[in-house]
Amino acid sequence: MKAIPVSELTSLIGKDMGHSDWLQIDQERVNQFAECTGDHQFIHIDEEKAKLTPFGGTIAHGFLSLSLLPALSEGLMPRPEGLKMAVNYGMDSLRFIQPVRVGSRVRLHTTIIDVTEKNPGQWLMKARNTLEIEGVDKPAFISEGLSLYFV
């Protein structure tokens, strides 16, 4: 997305920013995440054992799905003109709704729900992020993420 004037940031409230491209979730990505985080629960990494669960196979870690936000939101989130840096400011809410089965494709849908000037030159943007799973009615998660922009 192109940079927009700071004076227009609040006009984004309620604006649908669209969808990211689809991203394939493969077993290698899940295994790497398990190694990085130390979360080796069998439902993520043991394909044979996971087949015996209600999931029918391995699933991505919820936090793996969440960790995709920066990559998937690239190009969706607006950037104010004169941006010096942006930082993750946390979440107001997060609900994991549906597991992401290994082999699935996911994409991010983003809507801006609030923009406020926290301090001079510091803009707090709240976005509703929905991680959709291709061919599945329920999303993997819905979050209200916060980004702090310094201009």
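Heads up: these notes are all about the structure in this document. Small disclaimer: the values here were computed from a predicted structure and weren't measured. (Residues numbered from 1 in each chain as written. Predicted model: local features only at pLDDT ≥ 70, side-chain atom pairs only at ≥ 80, totals over all residues. Heavy atoms only, no water.)

**Concerning the pairing of strand β6 (residues 105–119)**
Remember that side chains alternate between the two faces of the sheet whenever the strand is regular.
For step 1, the next point in the chain: The pairing of strand β2 (residues 16–19) with β6 spans three bridges and is antiparallel. Counted as the bridge partner of Asp 16 is Thr 111 from β6.
For step 2, the next point in the chain: Note that strand β3 (residues 23–24) and β6 share two bridges and pair antiparallel. Along β6, the bridge assignment pairs Gln 24 with Arg 105.
For step 3, the next point in the chain: As consecutive antiparallel partners, β6 and strand β7 (residues 122–133) are separated by two residues, and within that stretch Gly 121 has a phi angle of approximately 80°, a positive value. (Pairing = 2+ DSSP bridges. Helix = DSSP H or I, 4+ residues; strand = E, 2+ residues; numbered from the N terminus.)

**Quick notes on the pattern of salt bridges**
For step 1, the next point in the chain: One pass over the full model with this rule turns up six salt bridges.
For step 2, the next point in the chain: With a shortest N-O distance of 3.2 Å, Lys 51 and Glu 48 are connected by a salt bridge.
For step 3, the next point in the chain: For Lys 51, a relative accessible area of 49% corresponds to the partly exposed category.
For step 4, the next point in the chain: In this structure Glu 48 comes out as exposed when scored by relative accessible area, which is 53%. (Salt bridge = Lys/Arg side-chain N within 4 Å of Asp/Glu carboxyl O. Buried < 20%, exposed > 50% of the residue type's maximum accessible area, 1.4 Å probe, protein only.)

**Some points on the nonpolar core**
For step 1, the next point in the chain: Formed by 17 residues in total, the largest nonpolar core has its most connected members in Ile 25, Ala 60, Val 100, Val 106 and Leu 131.
For step 2, the next point in the chain: When residues of this core are traced back to their parent elements, those giving at least two are α1 (27–37), α4 (62–67), α5 (69–73), β6 and β7.
For step 3, the next point in the chain: Beyond its immediate sequence surroundings of up to four residues, Ile 25 is in contact with Val 30, Ala 60, Leu 68, Val 100, Val 102, Gly 103, Ser 104 and Val 106.
For step 4, the next point in the chain: Counting eleven residues, the second-largest nonpolar core is a separate cluster that includes Ile 4, Leu 12, Ile 112 and Val 115. (Core = buried A, V, L, I, M, F, W, Y, C linked by side-chain atoms within 4.5 Å. Contact = heavy atoms within 4.5 Å.)

**Topic: α1**
For step 1, the next point in the chain: For α1, the complete set of buried residues consists of Gln 27, Val 30, Phe 33 and Ala 34. All buried residues of α1 lie within an arc of 125° about the axis, which places them on one face of the element. Exposed residues on α1 whose side chains face more than 90 degrees from its buried face are Glu 35 and Cys 36.
For step 2, the next point in the chain: On its buried side, α1 packs onto α2 (42–45), α3 (47–50) and α4.
For step 3, the next point in the chain: Phi for Gly 38, located one or two positions after α1, is positive at around 80°. (Arc of directions from axis to C-beta.)

**Concerning the packing of aromatic side chains**
The relation between two aromatic rings is expressed through the spacing of the ring centres and the mutual angle of the planes.
For step 1, the next point in the chain: Per the stated rule, a full pass over the model turns up two aromatic pairs.
For step 2, the next point in the chain: Aromatic pair Phe 96 and Phe 141: ring centres 6.3 Å apart, planes at 85°, arrangement edge-to-face. In this pair, Phe 96 is assigned in strand β5 (residues 85–96) and Phe 141 in strand β8 (residues 141–150), connecting sequence segments 45 residues apart.
For step 3, the next point in the chain: According to the relative accessible area criterion, Phe 96 is partly exposed, its value standing at 41%.
For step 4, the next point in the chain: Take Phe 141: its relative accessible area is 0%, and that puts it in the buried class.
For step 5, the next point in the chain: Among the aromatic residues, those joined into a ring-pair cluster are Phe 63, Phe 96 and Phe 141. (Phe/Tyr/Trp six-rings, centres within 6.5 Å; stacked < 30°, edge-to-face > 60°.)

That's the geometry; what it means functionally is another story.
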